[in-house]
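So the chains spell out like this:
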Amino acid sequence: MIKIASSVKISFMFPADWQTAFAYYSDIPRLVEHLQYIDLVPIDTMPENEYRLCYHTVELGRYHIHVYCDIRVELDREEHTIRLLAVNSFPPVETNVTLNSTSTRGYYSSEGKFLAAGEDETRIEYVLQMKANPPRPKGMRLVPGKIVDSVAQNITLNRMREIAEGFIERSLQSFPAWRDEQQGEEG
C-alpha cells in the first residue's frame, strides 16, 4: 500500500462581493474544471449535489495513479461556506493494480469560506484534503515501503499545492466571462 494523505490551506482575494463569489463557486461542475488532475466521473444514479471525482496523475514518469472520491456539496449561505464532504454513496470502486498503475477509492474534501473584504472584494479561505491507500504498482514491489510512502507524500503535497494554486489562477481568469454572461442574462 501507498499511504497518501495531504492537506493544503490557502487564501486569496476575489474581485467581487461575497454573494457574487459564492454564486460563482457554487457551480461544482464548473468549479471542477479549474482543478488540475481532477475530473468529474459521470454516474447515472447520482443524487442531487453528489459527485464522483477522479484524481489522476502520472508519477515518476511511468506510474499511473487513479483515486476515485465521492463527495456531497453543502452550500451554507449563512456561514458563507461551501463544503465538499467525502461520502460513500455511489457504487464501490474496485481496487486495481498493474505493473505501472494503481486505482482505488480515496477521500477528498474541501472547504471555502467567503469573507467580505470591501464593497467589491472577497477574501476566500480554502482548505483541501485528500487521503487514499492505493496498492503499490507491481513495478514498485522491490522498493522499500518507507521509501515509497515518503516519495508519495512529497509528490502528493506538491500536487495538492499545484491543484490549489492552479484552481485560483484558472478560476480568477474565467470569472470576467462568467460575470459578463450573468449580466447578459439579467439584461
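An account of the accompanying structure is given in this report. Sequence positions are assigned chain by chain, starting from 1 and proceeding in written order. Residues qualify for local features only when their pLDDT is at least 70, as the model is predicted, and side-chain atom pairs are given and counted only at 80 or more; totals for whole chains, interfaces and linings, by contrast, use all residues. With hydrogens and water stripped out, all remaining heavy atoms of the structure feed into the side-chain values.

### Brief notes about the overall build of the protein
Summing up its helical and strand segments, the protein has 3 helices and 8 strands in all. From first element to last, N terminus to C terminus, the protein shows the α and β order β-α-α-β-β-β-β-β-β-β-α. In the protein, buried positions account for 43% of the 187 residues. Sequence separation of at least 24 residues holds for 64% of the intrachain contacts in the protein that already meet a minimum separation of 6. Positive: Lys, Arg. Negative: Asp, Glu. His and the chain ends are not part of the count. Here the site of a charge means atom NZ of a Lys, CZ of an Arg, CG of an Asp or CD of a Glu. When the 20 positive and 27 negative side-chain charges of the protein are each reduced to one mean point, those points stand 14 Å apart. Secondary structure is summarised from DSSP: a helix means a run of H or I of at least four residues, a strand means a run of E of at least two, and numbering begins at the N terminus for each. Only protein chains enter the accessibility calculation, which uses a 1.4 Å probe; a residue whose area is less than 20% of its type maximum is buried, one above 50% is exposed, and one in between is partly exposed. In this description, contact between two residues means that some pair of their heavy atoms is separated by no more than 4.5 Å.

### Observations concerning a nonpolar patch on the surface
Together, Leu-60, Val-143, Ile-147 and Val-151 give the surface a local cluster of nonpolar side chains, amounting to about 310 Å² of exposed area. Within the secondary structure, Val-143 is located in the loop between β8 (122-132) and α3 (145-186). A patch consists of residues whose relative accessible area exceeds 30% and which take part in no salt bridge; residues with like charges are grouped when within 9 Å of each other, and nonpolar side chains (Val, Leu, Ile, Met, Phe, Trp, Tyr) when within 5 Å. For the area figures, the Shrake-Rupley method with a 1.4 Å probe applies, and any residue is considered shielded solely by the protein chains shown. We count a salt bridge whenever a side-chain nitrogen from Lys or Arg sits within 4 Å of a carboxyl oxygen from Asp or Glu.

### Concerning the pattern of salt bridges
Applying the stated rule across the entire model yields 10 salt bridges. The residue Arg-83 makes a salt bridge to Asp-76 at a minimum N-O spacing of 3.8 Å. The partner of Arg-159 in a salt bridge is Glu-162, and the shortest N-O contact between them spans 2.6 Å. Here Glu-162 and Arg-159 lie together in helix α3, a separation of 3 residues that amounts to about one turn. Residue class for Arg-159 comes out buried when judged on its relative accessible area of 16%. The class for Glu-162 is partly exposed, based on a relative accessible area of 28%.

### So, the nonpolar core
By size, the foremost hydrophobic cluster in this structure holds 45 residues, and its most contacted members are Phe-14, Tyr-25, Leu-35, Ile-38, Tyr-108 and Phe-114. At 9 residues, α3 tops the list of elements feeding residues into this core. In plain words, nonpolar cores are sets of buried Ala, Val, Leu, Ile, Met, Phe, Trp, Tyr and Cys residues tied together by side-chain atoms within 4.5 Å.

### Structural notes on the environment of Glu-121
Topologically, Glu-121 is positioned in the loop between β7 (101-116) and β8. Each C-alpha atom, one on Glu-121 and one on Ile-147, is 45 Å from the other, the two residues being 26 residues apart in sequence. Contact partners of Glu-121, with chain neighbours within four places excluded, come to Met-13, Phe-14, Ala-16, Asp-17 and Ala-116.

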